[in-house]
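Breakdown of the fold
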Amino acid sequence: MMEMSRRRARELALQVLYQVDIGQAEADQALACTIEILGLESRGDPGFARDLILGVRQHGPYLDGVIARLSKDWRLERITYVDRNILRLGLYEILFRAAQVPPNVAVNEAVELAKKYGTEESSRFVNGILGRVVENPESFAPEKGET
């Protein structure tokens, strides 16, 4: 079976991370249920989505620290669940998957998710935060063992 498109996989990852974030599901259960509910079984292997979900979960505290550092006027808890998870996804791709996903692609994909799932201001907010990381990635890169 071929892999589902990366854009669709990112959407799926966002939907699952949202469910996990609001405390209603475990990641594996949420992924399986979301695939079934949305009828995505025929859309291909969700391997990329699963990798994104696992990576964001594994590096969550580090990613949240970067978000908190860059969103000075907004405590992490005040950022909407959707925006927070879009930022986590984008940061994970920029900081931990740069060899597989060019940083500008990660930013563009995150902005598209924000336009589709966020508020009117979400895309500018996401672009601003992620853009600052892309401009100076070495100042946000985790040290060995810091994730």
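The structure under discussion appears in the preceding block.
So, here is what we can say about the structure in this document. Nothing here was measured: the structure is a model prediction, and the numbers come from that model.

**Brief notes about the packing of helix α1 (residues 6-21) against helix α6 (residues 103-117)**
Contact pair α1 / α6: the axes reach a minimum separation of 11 Å and the direction vectors enclose 60°. With respect to their mutual orientation, α1 and α6 come out oblique. Every pair of crossing elements has a handedness; the one defined by α1 and α6 is right-handed. Mapping the contact onto sequence places Arg7, Arg10, Glu11, Leu14 and Gln15 in α1 and Val105, Glu109, Glu112, Leu113, Lys116 and Tyr117 in α6.

**With respect to helix α4 (residues 60-70)**
Within α4, the full set of buried residues consists of Gly60, Tyr62, Leu63, Asp64, Val66, Ile67 and Leu70. The elements touched by buried residues of α4 are α3 (47-58), α5 (81-96) and α7 (122-135).

Calculation criteria
Residues numbered from 1 in each chain as written. Predicted model: local features only at pLDDT ≥ 70, side-chain atom pairs only at ≥ 80, totals over all residues. Heavy atoms only, no water. Axes fitted to C-alpha atoms, helices over the stretch in contact; angles between N-to-C directions. Helix = DSSP H or I, 4+ residues; strand = E, 2+ residues; numbered from the N terminus. Parallel < 35°, antiparallel > 145°, perpendicular 65-115°, else oblique. Left-handed = near helix turned anticlockwise from the far one by under 90°. Contact = heavy atoms within 4.5 Å. Buried < 20%, exposed > 50% of the residue type's maximum accessible area, 1.4 Å probe, protein only.

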